[in-house]
Amino acid sequence: MNVHDTEKIAGVLRGEGYAFTDRPEDAALIILNTCSIREKAEHKFLSRLGYFRRLKRKRPGLQIVVSGCIAQQEGEKFLIDNKDVDFTFGPQNIVKLPELILRDKRKAAVEENPALAETDLPAIRNDGTRAWVNIMYGCNNFCSYCVVPHTRGRERSRPTDSILNEIKTLSDEGYKEVTLLGQNVNSYRDPKNVTASFAQLLKSVNAIQGIERVRFITSHPKDLSPELICAIRDLEKVCEHIHLPLQSGSSRILSLMNRKYSYAQYLDKITELRRHIPGISITSDIITGFPTETGDDHEETLAALKEIEFDGIFAFKYSKRRYTRASEMEGQLGEDIKSDRLKTILELQDVITDKINRRLKGQTTEIIVEGESSSDTNHWTGRTRTNKIVNFTPDEKINKGMLITVSITNSFRHSLEGRPD
Ligand code: SF4
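Comments concerning the layout of surface pockets
Moving on, step 1. By volume, the second largest pocket amounts to about 890 Å³.
Moving on, step 2. Mapped by element, the contributors of at least two residues to the lining of the second largest pocket are α1 (2-15), β1 (29-34) and α2 (39-58).
Moving on, step 3. Tallying contributions element by element places α1 first for the lining of the second largest pocket, with 7 residues.
Moving on, step 4. Among the residues forming the lining of the second largest pocket, the class breakdown is 18 nonpolar, 5 polar and 5 charged.

Some words on the pairing of strand β11 (residues 213-217)
Moving on, step 1. With 4 of its 5 residues buried, β11 lies for the most part within the structure.
Moving on, step 2. Bridge count between strand β8 (residues 177-181) and β11: 5 bridges; the pairing is parallel. Looking across to β11, one finds that T179 is bridged to R215.

Considerations on the domain arrangement of the protein
Moving on, step 1. Taken domain by domain, the protein comprises domain 1 (2-109), domain 2 (119-359) and domain 3 (364-420).
Moving on, step 2. Between domain 2 and domain 3, the C-alpha centre-to-centre distance is 25 Å.
Moving on, step 3. Across the contact, 23 residues belong to domain 2 and 20 residues belong to domain 3.
Moving on, step 4. Carbon and sulfur atoms supply 43% of the area buried between domain 2 and domain 3, which totals about 1,700 Å² over both sides.
Moving on, step 5. Three residues stand out in domain 2 for area buried against domain 3, namely R130, R213 and N357, and they jointly supply 35% of the buried area on that side.
Moving on, step 6. In this structure, the connection of domain 2 to domain 3 is made through 6 salt bridges.
Moving on, step 7. Among the ionic pairs, R385 bridges to E240, the shortest N-O distance being 2.9 Å.
Moving on, step 8. In this structure, the connection of domain 2 to domain 3 is made through 15 residue pairs in polar contact (both at pLDDT 80 or more).
Moving on, step 9. For the side of domain 2 that touches domain 3, the secondary-structure elements that each account for two or more residues are β11 and α13 (335-359).
Moving on, step 10. No other element matches α13, which puts 6 residues into the side of domain 2 that touches domain 3.
Moving on, step 11. Taken together, the residues of the side of domain 2 that touches domain 3 sort by class into 3 nonpolar, 6 polar and 14 charged.

Points about unusual backbone geometry
Moving on, step 1. Following I217, the chain continues into T218 via a peptide bond in cis, with omega recorded as 5 degrees.
Moving on, step 2. Structurally, T218 is set in the loop between β11 and α9 (226-234).
Moving on, step 3. With a phi angle near 60 degrees, N258 is a residue other than glycine that sits in the positive phi range.
Moving on, step 4. Relative to the assigned elements, N258 resides in the loop between α10 (251-256) and α11 (263-276).
Moving on, step 5. The backbone of T292 sits at a positive phi, close to 75 degrees, despite the residue not being glycine.
Moving on, step 6. Residue placement: T292 occurs in the loop between β13 (281-288) and α12 (295-308).
Moving on, step 7. Relative accessible area serves as the criterion here: at 28%, T292 is assigned to the partly exposed category.

Things to note about the environment of L235
Moving on, step 1. Inspection of the secondary structure assignment puts L235 in the loop between α9 and β12 (241-243).
Moving on, step 2. Distance from L235 to V214, taken between C-alpha atoms, is 9.4 Å for residues 21 residues apart in sequence.
Moving on, step 3. The contacts of L235, once residues within four sequence positions are left out, are A199, L202, K203 and N206.

Considerations on the environment of S225
Moving on, step 1. When you line up the elements, S225 lands in the loop between β11 and α9.
Moving on, step 2. Residue class for S225 comes out partly exposed when judged on its relative accessible area of 25%.
Moving on, step 3. When the C-alpha positions of S225 and A199 are compared, they lie 8.9 Å apart, and in sequence the two are 26 residues distant.

Notes on the packing of helix α7 (residues 160-172) against helix α8 (residues 198-206)
Moving on, step 1. It is the contact of α7 with α8, at a shortest axis distance of 10 Å, that shows an interaxial angle of 30 degrees. The angle between the axes of α7 and α8 places the two elements in the roughly parallel class. Here the hand of the crossing between α7 and α8 comes out right-handed. Touching T160, I163, L164 and I167 of α7 are L201, S204 and V205, all from α8.
Moving on, step 2. Residue composition of the contact of α7 with α8, by class: 5 nonpolar, 2 polar and no charged.

Describing the state of the cysteines
Moving on, step 1. Taken as a whole and judged by the stated rule, the model has 0 disulfides.
Moving on, step 2. Here C35 stays unpaired: no disulfide links it, and the sulfur of C69, its closest cysteine neighbor, is 6.3 Å away.
Moving on, step 3. No disulfide involves C239; its sulfur sits 18 Å from that of C230, the nearest cysteine.

Conventions adopted
Residues numbered from 1 in each chain as written. Predicted model: local features only at pLDDT ≥ 70, side-chain atom pairs only at ≥ 80, totals over all residues. Heavy atoms only, no water. 1 Å grid on protein atoms, 1.4 Å probe; cavity = no way out; pocket = protein on both sides within 12 Å on 5 of 7 lines; lining within 4 Å. Points joined across faces, edges and corners; volume = space filled by probe spheres on them. Helix = DSSP H or I, 4+ residues; strand = E, 2+ residues; numbered from the N terminus. Nonpolar A, V, L, I, M, F, W, Y, C, P; charged D, E, K, R; others polar. Buried < 20%, exposed > 50% of the residue type's maximum accessible area, 1.4 Å probe, protein only. Pairing = 2+ DSSP bridges. Domains from an automatic or database assignment. Contact = heavy atoms within 4.5 Å. Buried area = accessible area lost by both parts, 1.4 Å probe. Salt bridge = Lys/Arg side-chain N within 4 Å of Asp/Glu carboxyl O. Polar contact = N/O pair within 3.5 Å; in protein donor to acceptor, adjacent residues only side chain to side chain. Axes fitted to C-alpha atoms, helices over the stretch in contact; angles between N-to-C directions. Parallel < 35°, antiparallel > 145°, perpendicular 65-115°, else oblique. Left-handed = near helix turned anticlockwise from the far one by under 90°. Disulfide = S-S within 2.5 Å.

Next up, the structure:
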């Protein structure tokens, strides 16, 4: 979501006559688009800000701007505490960037923007093959650990016609793959026709000529409907991959997290997905060390990983986020225990991912070519429909964006090796 917000910030700036530089030392304006989902992201941001602050001391005309969730969360206070930041704006106020640049007075643009879903902003996308497309903004779920509903506001879906127009334009520009973006995509409803569900949106996107693959992220387990499972199964461009955050294998912890499903209910969804779409790749998120998590709760998460066998997970230590209910809960755990549990989870998942990837050896699969490998100029990289990276050496001239078939010759924990057929 933040990467695509940055593309939109760049699009708005280009409309104002700005050009881009890779060298902060040459910049007239530096925007730090921030994430506050975890403590680590905030620390990284503060260290970058320190560097840019030193640049500004040498060049007082430099404008430093902070956008994104930290800007939203801190509001005016951030400007009071950081005198050398010129202005801030939250994720709902990218549209105000041109007027903010021209203002004399420092301002934090963090107000709710009810028109957000109806405002189509230009975006600068550099990939040429794969594009992010927002279909909705905000979230209504209020998971007890999560700051998103407080920074990105309530859920608002974009009208289907403007989403489809954007994707048709991307197709005309040569894009082959779109990823539909939202905090909770499967609760999408067309604001002009609230009976039109996410599955129906997928059907319309699937019909756009030139687009070869459709992905979406992120889905909430409670909103994963039978209709959506059938849409993934039946629509030929919708890829056989779903990212479905579990967060914990303990139903007690899930309830404290306000996730609105038990482990058994989650498992039922996985069973249905695999029954309808054999071979679907399923990835997930896990938070370890949530307040009051016991050794038994942790064991339940490990048991869940073994039972489900995700293709991959993103696992994180719980960190307190301001405004969230979990940050006020008793039973906060120490860093050592969280680190130990995270290590166990990641080690177990490595074994599982390795086992799943080994099974792919000898199989033939379609990949979309993403470009030359950054580490080895003889190698190219592509991605399967199941979202796995395949490195290969082409035996004839190929281009980014081509769909080719490869045989999987080797497997590693985070990638596969293939040979073009
Ligand atoms: S569903 Fe929960 S974790 Fe996801 S953005 Fe909404 S509140 Fe945060």
